[in-house]
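Spelled out from the first residue to the last, the chains are:
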Amino acid sequence: MMTTKTIQITPFDPLFFRDGKPFTMGEDVWADILFPPFPSVLYGALRAVHFTHQPEDIKKINTQGDPTKSLTIKGIYLMKGGLFYFPLPLDLVENLRGSRKLMALELTDHLPSSLNPKLKLLVSTSPAKTVENGFVKQFDFGNYITNNLQNA
């Protein structure tokens with residue numbers, strides 16, 4: 001029987017996750033931030049912690065007896081102040097009129113005649129802009145899922 005555990009990681013220092021682009025001395029001076037990190041990054045970190053604290057298990061790495069072989073990451077979530085934050089859904093945009101709150105794009109059938117009539121587009125009913133690397137609070141995400149954004 002598999003057991004499910006939640007692991008909460010609180011760093012001592014700032015964590016920095018970036019893309020895998022290699023740096024070439026004297027040429028590349030820029031890295032793109034990648035957050036949340038890929039599950040494989042945390043998978044490797046958790047395995048490293050296990051084998052650091054259980055060095056006698058190192059001989060079992062990648063064998064049938066590997067104590068970390070059943071480790072599965074089901075999700076990576078950001079927590080701040082006791083609240084979970086989720087990546088902002090791509091169909092939520094910032095309304096540039098009035099309160100500048102988030103609003104959902106709407107599905108439309110009104111397409112230029114040159115496009116496939118079976119296609120639908122997500123459009124904004126007022127001026128809006130996308131939110132780069134945005135997060136939404138757990139409660140507001142619930143409002144989004146239930147199509148109740150006026151409470152968000």
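It should be emphasised that the depicted structure is a prediction, and the values quoted were computed from it without experimental measurement. (Residues numbered from 1 in each chain as written. Predicted model: local features only at pLDDT ≥ 70, side-chain atom pairs only at ≥ 80, totals over all residues. Heavy atoms only, no water.)

Our focus in this paragraph is the layout of surface pockets. Taken as a whole, the largest pocket spans an internal volume of roughly 1600 Å³. Every residue lining the largest pocket is counted, 37 residues in all, and those nearest its centre are Ile7, Gln8, Ile9, Leu42 and Leu46. When residues of the lining of the largest pocket are traced back to their parent elements, those giving at least two are α1 (39-53) and β1 (78-80). For the lining of the largest pocket, the element with the highest residue contribution is α1, accounting for six residues. Broken down by class, the residue content of the lining of the largest pocket amounts to 23 nonpolar, 11 polar and three charged. Of the voids in this model, the second largest pocket is the one considered here, and its volume is about 210 Å³. What lines the second largest pocket is a set of 13 residues, among which Leu88, Leu90, Val131, Asn133 and Gly134 lie closest to the centre. Among the residues forming the lining of the second largest pocket, the class breakdown is nine nonpolar, three polar and one charged. (1 Å grid on protein atoms, 1.4 Å probe; cavity = no way out; pocket = protein on both sides within 12 Å on 5 of 7 lines; lining within 4 Å. Points joined across faces, edges and corners; volume = space filled by probe spheres on them. Helix = DSSP H or I, 4+ residues; strand = E, 2+ residues; numbered from the N terminus. Nonpolar A, V, L, I, M, F, W, Y, C, P; charged D, E, K, R; others polar.)

To continue, consider the sheet that holds strand β4 (residues 102-104). Overall, antiparallel pairing links the three strands, which are arranged β4-β3-β7 in an open sheet. Every interior strand has two partners, whereas the edge strands, β4 and β7 (128-129), have only one. (Pairing = 2+ DSSP bridges.)

Here we come to the sheet that holds strand β8 (residues 135-137). Ordered by their spatial adjacency, three strands build an open sheet running β1-β2-β8, and the pairing between neighbours is antiparallel. Both edges of this open sheet fall to β1 and β8, since each of them pairs with a single strand only. On average, adjacent strands in this sheet sit at an angle of 35° to one another, irrespective of strand direction. Bridge count for β1 against strand β2 (residues 83-87) is three bridges, and the pairing is antiparallel. Its bridge partner lying in β2, Lys80 is registered against Leu83. (Axes fitted to C-alpha atoms, helices over the stretch in contact; angles between N-to-C directions.)

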